[in-house]
Amino acid sequence: MSDLCVHFGECGGCQTQDVPYLVQLEMKQTALRELFETYWRPEIPVEASPAIWHYRNKVDPAFGRRYYDTPPPEGFVRESVLGFKRKGRWFWPLDVEECRIGPEGLGALLESVRGWMRRTGLQAFDSRTHEGFLKTLLVREGKRTGDRMVALITAPGDFVGRGEFIEAVQAAFPVTSLYRGIHSGSADVALADEIEVLEGAPTIEERLDIQDGETVRPLRFRLSPFSFFQTNTLAAERLYGLARCWVSERTPDVLLDLYCGMGGFALSCADLVGEVWAAEGVFSATEDGQYNARLNGVTNVSFFTDKIKNYLLTLLSEGGLPENCAAIVDPSRSGMTPKALRRLVSLAPANILYVSCNAKELARELPELLNVYELRDLRAVDLFPHTRHVEVVAWLSRREPVAAG
């Protein structure tokens, strides 16, 4: 087997597979130092991912119509392919044979599903013409448990070859849970308006073993097809362990967990604080969080479903936060909205741990935070080997007001 994926340089998923991993870490450290040098002079350590190949627990290869450099004649039916997008070409799908960062066995699954597609005559959905049936093949894996899930997302319509699809998946990539979802929109997203179990259990389970000094805090999580979960399980354990250490040193009475998803940070730290207030804008995520709290016997986490800017406005209108409060903030790649950021600064929790998968957005938001806070630590955990992305963690402590003379 070659050291590089056969699609490297063409597929947009990886950018640095041809660079030794230790050098990748140095490159990320250098990029962070240059990005944050206005605000932070010390070195920014980047913790390595425990696994650098097949580390992703979720991928969503898409069905598409083959792209040709020279447009084919009018009326020509483009061949359907299954894989990822070409680098810098969102409109150019690739027929993928393997993926070195996705779950092991993904290549065999894709080939088996392609064979089923050819035998049934089903075609990929074409967003330009709205013709075709097949949209996305969502694949999830429990790295600690071995559970696996596949969900086929299609356009509305009769599911031709349903039984043969089940056989094609189970023969190549045995799963615990197999779904068919229906998405009526034309956007290229791994979502569904309706969903049904084709075979097996409705959910799979993942486990996190979070290091806490010499002990381990084990946590169990239920995963449904569209659950929010960090895509690198083993590196996520390091990230949550870092947050747990930070919370234990701050000893807040209340921990505010913003953009909480299904409760990873909240459940990791719940035993260290009196209460956790966990907020998220997506109901299915907080529903998963409530289930996971019960699954782990955690009783002091309250989940709230609301846009973060609205949730923070509610806290402001109800008198603000307790004095001894810390906040963990983990927004999506787009960062916090301006209103959410201003309201967080107005609430002024004593300490903030800002976790960002988009360092440029964090650097853009820092000036407003630094009006009230001092940047006390900046580090990173590499959740994304062979890419330019990295998870950045910033500790900010509230500046004490200057006493009047």
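An account of the accompanying structure is given in this report. (Residues numbered from 1 in each chain as written. Predicted model: local features only at pLDDT ≥ 70, side-chain atom pairs only at ≥ 80, totals over all residues. Heavy atoms only, no water.)

1. Some points on the packing of aromatic side chains
So, point 1. In the structure shown here, the tally under the stated rule is 8 aromatic pairs.
So, point 2. With a centroid separation of 5.2 Å and an interplanar angle of 35°, the aromatic rings of Phe304 and Tyr311 are classed as tilted.
So, point 3. Judged by its relative accessible area of 33%, Phe304 falls in the partly exposed class.
So, point 4. Every member of this aromatic cluster is reached through a ring pair, and the members are Trp116, Phe133, Phe159 and Phe165.
So, point 5. If you follow Arg148 out to its NZ or CZ, it ends over the ring of Phe173, 3.6 Å from the centre. (Phe/Tyr/Trp six-rings, centres within 6.5 Å; stacked < 30°, edge-to-face > 60°. Buried < 20%, exposed > 50% of the residue type's maximum accessible area, 1.4 Å probe, protein only. Lys NZ or Arg CZ within 6 Å of the ring centre and 35° of its normal.)

2. What to know about the nonpolar core
So, point 1. Formed by 80 residues in total, the largest nonpolar core has its most connected members in Trp116, Leu137, Val150 and Phe165.
So, point 2. Considering each element in turn, this core owes the most residues, 8 residues, to helix H4 (residues 233–250).
So, point 3. Leave out the neighbours within four places in its chain, and Phe165 touches Val113, Trp116, Leu137, Val150, Leu152, Phe159, Leu178 and Leu198.
So, point 4. Formed by 44 residues, the second largest nonpolar core is a distinct cluster that contains Ala348, Leu369, Leu375 and Leu378. (Core = buried A, V, L, I, M, F, W, Y, C linked by side-chain atoms within 4.5 Å. Helix = DSSP H or I, 4+ residues; strand = E, 2+ residues; numbered from the N terminus. Contact = heavy atoms within 4.5 Å.)

3. Some details on the environment of Tyr311
So, point 1. If you trace the backbone, Tyr311 turns up in helix H7 (residues 308–317).
So, point 2. Taking C-alpha positions, Tyr311 is 9.3 Å from Leu258, a pair spaced 53 residues apart along the chain.
So, point 3. Apart from the residues lying within four places of it in its own chain, the contact partners of Tyr311 are Leu256, Leu258, Trp277, Ala279, Phe304 and Asp306.

Geometric values such as these leave the question of function open.
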